[in-house]
Amino acid sequence: MYLTFDMKQIDFRLSRLVHKLESQGYKVLAGRYVRYNVQQMLVKVTISELRKVDIFEEFILSTAINIVPSVTIEELANVLGIDSMLMRSVAENLQSWKFLELTSDSTLKITPFGKKIFEEEKSVLEPSYTQNIYAIADPLTNQINFDNTRLQDAPLELKSLGQFIAIDKYPDISALTIADVQNIAFDIVIREKTQKVTSYQELSTITTVRKKISIFYLLDSQDQCIIKIFSEDQELKIASDLLTEILSAGNEQQIVWDELFRLSDAEITLAASTEDIADKISFDLVLADVCFQHFLLDEETELANSSETKILPAFSRYNTPDAEDIQSFISHRRIEKLVHLTRLENLNNICRADAILSLYQLEKNNICTNPFDGRKSEGQKYKNYVNCSLTYYNFFMLYGLVHKSDEPVVLLYIKPDYLWKQGIEFCKFNAATGGGRHIAPGYHTLQTLFDDTVQDRQGLQDRNSKPINLPTCIQAEVLIRDGIPLADIMEIVIRSPRHEQNVRQAGWRGNIRVSSRDFDWHSEWIVRGS
């Protein structure tokens, strides 16, 4: 079944996805943005860490399994000659971790969960930290997913997919079990193999949110009509298959599909500004690359004459020509985040500006801040960039500061999507080295951050004792042009619970995690004097 249009109906803003689809052998006949409703709810998950039992925990758990009839904690303490207060405290912890149950006669009873972990691992799962995430019920895919960031409402001006097909049956978020959360949220909350989600709590009511997607009408290599649906750059395969099945149902759907894909006159004017959409796509790609290269050649002039700059999120920035190579490299290296270190006092201005701003943007907007290094020794060209680390923060920045004082600092964990976007550059050691002359963009420069050896000021750094996702030099940097919107910050990490209120008062509404371990100094990652 074909659409009845006499010309292609393609939203010009989808030119990059069109280019990608056509490079895969599809013929794109129509494509546009639409919206539909999903449900969203904030939940707090507790992540626990597997550790070997201590001697007191082993006494209690072994007794609960092997002694029949069971004994009370006081009786066990008396037999072992151990302070009953100490044993009661250990038992209360095990009970709170779901390893022990409270019986009516106060005797010890191990839970099936606790018995399994103890017998198989000789370990307990001790709560390590909590994380706030969003559960999203999607009626189009009939699935529940989790995300670190709150889904924002799509514009009402977009056509509603719900006007054309029935998508009003939501998966039941309130029926989630701990097993569901463990399986679905695993990739976004678990960082180590020894960790496990052990509980979750609903923090908000269920709200309805308008989700934005792109939908395409295609011909495949056999001239079969199919539908593909994308959320940003990610295909929603279940939704694509569902709509393709509806599309193939018959001609009675013809008028519905025509109306769904038909662009307004204003959209057609933009989309059809060239006679052939493929030519337009190629032109856009070349033009974007030329403009970007021109910016790099004369950035100081551009900065001096620019008007107010809008800080774009990662998904709104152009991909680099080698984006697929970078994405494959990031996946292989299991890189999950960028890290920006700042003083706690700077969060007020970050939240007020709704972004981490470059030094240039701060000065331009008359925003006072207290950066670690405002000199930008890598040169004025990079004054309009925000410096970040890969996977773990550069603890040399804190030498003589946090380890010699109590000045509060925070770690901002940022989506890794910037790594394959234009306006991003890399340096395999401190970016200020050589006045910034070692900084460069692109896949091959990113690869050098993981060279077998990197010579820096400390010595010849190697990959011994380093995780696969950590650069060879801990001072390696990623530079992001203009700034980073709050929406791309996955979470803020603090050293102490006493700072949580300060972070909230600054205006941060996202996830806060307390973890002193994230601030550890790793001497084993440093080679000195070689």
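Going by the structure above, here's the rest.
One structure accompanies this document, and this report is about it. (Residues numbered from 1 in each chain as written. Predicted model: local features only at pLDDT ≥ 70, side-chain atom pairs only at ≥ 80, totals over all residues. Heavy atoms only, no water.)

Time to look at the overall build of the protein. Regarding its fold elements, the protein presents 17 helices and 22 strands. Across the 530 residues in the protein, those meeting the buried criterion constitute 49%. Sequence separation of at least 24 residues holds for 75% of the intrachain contacts in the protein that already meet a minimum separation of 6. When the accessible surface of the protein is split by element, carbon and sulfur atoms take 49% of a total near 26,400 Å². (Helix = DSSP H or I, 4+ residues; strand = E, 2+ residues; numbered from the N terminus. Buried < 20%, exposed > 50% of the residue type's maximum accessible area, 1.4 Å probe, protein only. Contact = heavy atoms within 4.5 Å. Areas by Shrake-Rupley, 256 points an atom, 1.4 Å probe, with all protein chains shown as cover.)

This brings us to helix 13 (residues 323-333). An α-helical turn contains 3.6 residues, so a residue and the one three or four places further along point in the same direction. Every buried residue belonging to helix 13 is among Ala323, Ile326, Phe329, Ile330 and Arg333, and all of these are buried. Projected down its long axis, helix 13 shows its buried positions confined to an angular sector of 125°, all on one face. Of the residues in helix 13, the exposed ones pointing more than 90 degrees away from the buried face are Glu324, Ser331 and His332. Looking at the buried residues of helix 13, the elements they touch are helix 16 (443-448). Of the residues trailing helix 13, Arg334 is marked for its positive phi of about 55°. (Arc of directions from axis to C-beta.)

A few words on the sheet that holds strand 12 (residues 338-343). Strand order in this open sheet of seven strands is 16-19-14-12-15-21-22, and the pairing throughout is mixed. Edge positions in the sheet fall to strand 16 (424-427) and strand 22 (511-514), since each of these pairs with one other strand and no more. Pairs of neighbouring strands in the sheet enclose a mean axial angle of 35°, with direction left out of account. Relative to strand 19 (residues 477-481), strand 14 (residues 385-390) runs antiparallel, the two being bridged by four bridges. Each residue of the ladder has a partner; that of Asn387, found in strand 19, is Leu479. (Pairing = 2+ DSSP bridges. Axes fitted to C-alpha atoms, helices over the stretch in contact; angles between N-to-C directions.)

Here the focus is the packing of aromatic side chains. In this description, a pair of aromatic rings is defined by centroid distance and the angle of the planes. Applying the stated criterion to the full structure yields 14 aromatic pairs. Measuring from centroid to centroid gives 5.5 Å for Phe329 and Phe450, while their planes differ by 70°, and the two rings are edge-to-face. Linking Phe329 in helix 13 with Phe450 in the loop between helix 16 and strand 17 (453-456), this pair joins segments that are 121 residues apart in sequence. There is no split in this pair, since Phe329 and Phe450 are both buried. Ring geometry for Phe395 and Trp521: centres 4.7 Å apart, planes at 40°, overall tilted. Of this pair, Phe395 sits in the loop between strand 14 and strand 15 (409-414) while Trp521 sits in the segment after strand 22, and the two are 126 residues apart along the sequence. Residue Phe395 is classed as buried on the basis of its relative accessible area, which comes to 0%. Put simply, the rings of Tyr392, Tyr393, Phe395, Phe396, Phe519, Trp521 and Trp525 pair up and form one aromatic cluster. Sitting above the plane of the Tyr33 ring, Lys212 keeps its charged end 4.1 Å from the centroid. The ring of Tyr413 carries Lys337 above its face, with NZ or CZ at 4.8 Å from the centroid. (Phe/Tyr/Trp six-rings, centres within 6.5 Å; stacked < 30°, edge-to-face > 60°. Lys NZ or Arg CZ within 6 Å of the ring centre and 35° of its normal.)

The next point concerns the pattern of salt bridges. Counted by the stated rule, this structure contains 16 salt bridges. The partner of Glu120 in a salt bridge is Lys116, with the nearest N and O atoms 3.3 Å apart. Here Glu120 pairs with Lys116, and both are found in helix 5 (residues 112-121), just four residues apart, close to one helical turn. Residue classification places Lys116 among the partly exposed residues on the basis of a relative accessible area of 48%. Ionic pairing is found between Glu491 and Arg513, a salt bridge with its closest N-O pair at 3.1 Å. Placement of Glu491 in strand 21 (residues 489-494) and of Arg513 in strand 22 is noted, with a sequence separation of 22 residues between them. As far as burial versus exposure is concerned, Glu491 and Arg513 are alike and both buried. (Salt bridge = Lys/Arg side-chain N within 4 Å of Asp/Glu carboxyl O.)

Before going further, it helps to examine the nonpolar core. Leu338, Leu347, Leu390, Leu419 and Ile492 are the most contacted members of the largest nonpolar core, which has 39 residues in total. When residues in this core are grouped by element, the largest group, four residues, is from helix 13. Look past the residues within four positions of Leu338 in its chain and what remains in contact with it is Cys388, Ser389, Leu390, Leu412, Tyr413, Ile414, Lys415, Pro416, Tyr418, Leu419, Val478 and Ile480. Core analysis: the second largest hydrophobic core is formed by 26 residues, Phe164, Tyr217, Ile227 and Leu247 among them. (Core = buried A, V, L, I, M, F, W, Y, C linked by side-chain atoms within 4.5 Å.)

There is a patch of nonpolar side chains on the surface, built from Ile55, Phe59, Val79 and Leu80 and spanning about 350 Å² of accessible area. Secondary structure elements with two or more residues in the nonpolar patch: helix 2 (55-66) and helix 3 (73-80). The exposure class assigned to Phe59 is partly exposed, which follows from its relative accessible area of 31%. (Patch = residues over 30% accessible without salt bridge, like charges linked within 9 Å, V, L, I, M, F, W, Y side chains within 5 Å.)

Turning next to the packing of helix 2 against helix 3. Contact pair helix 2 / helix 3: the axes reach a minimum separation of 11 Å and the direction vectors enclose 120°. The orientation of helix 2 relative to helix 3 falls into the category oblique. The chirality of how helix 2 crosses helix 3 is right-handed. On the side of helix 2, the interface is formed by Phe59, Ile60 and Thr63, while helix 3 contributes Ile73, Leu76 and Leu80. (Parallel < 35°, antiparallel > 145°, perpendicular 65-115°, else oblique. Left-handed = near helix turned anticlockwise from the far one by under 90°.)

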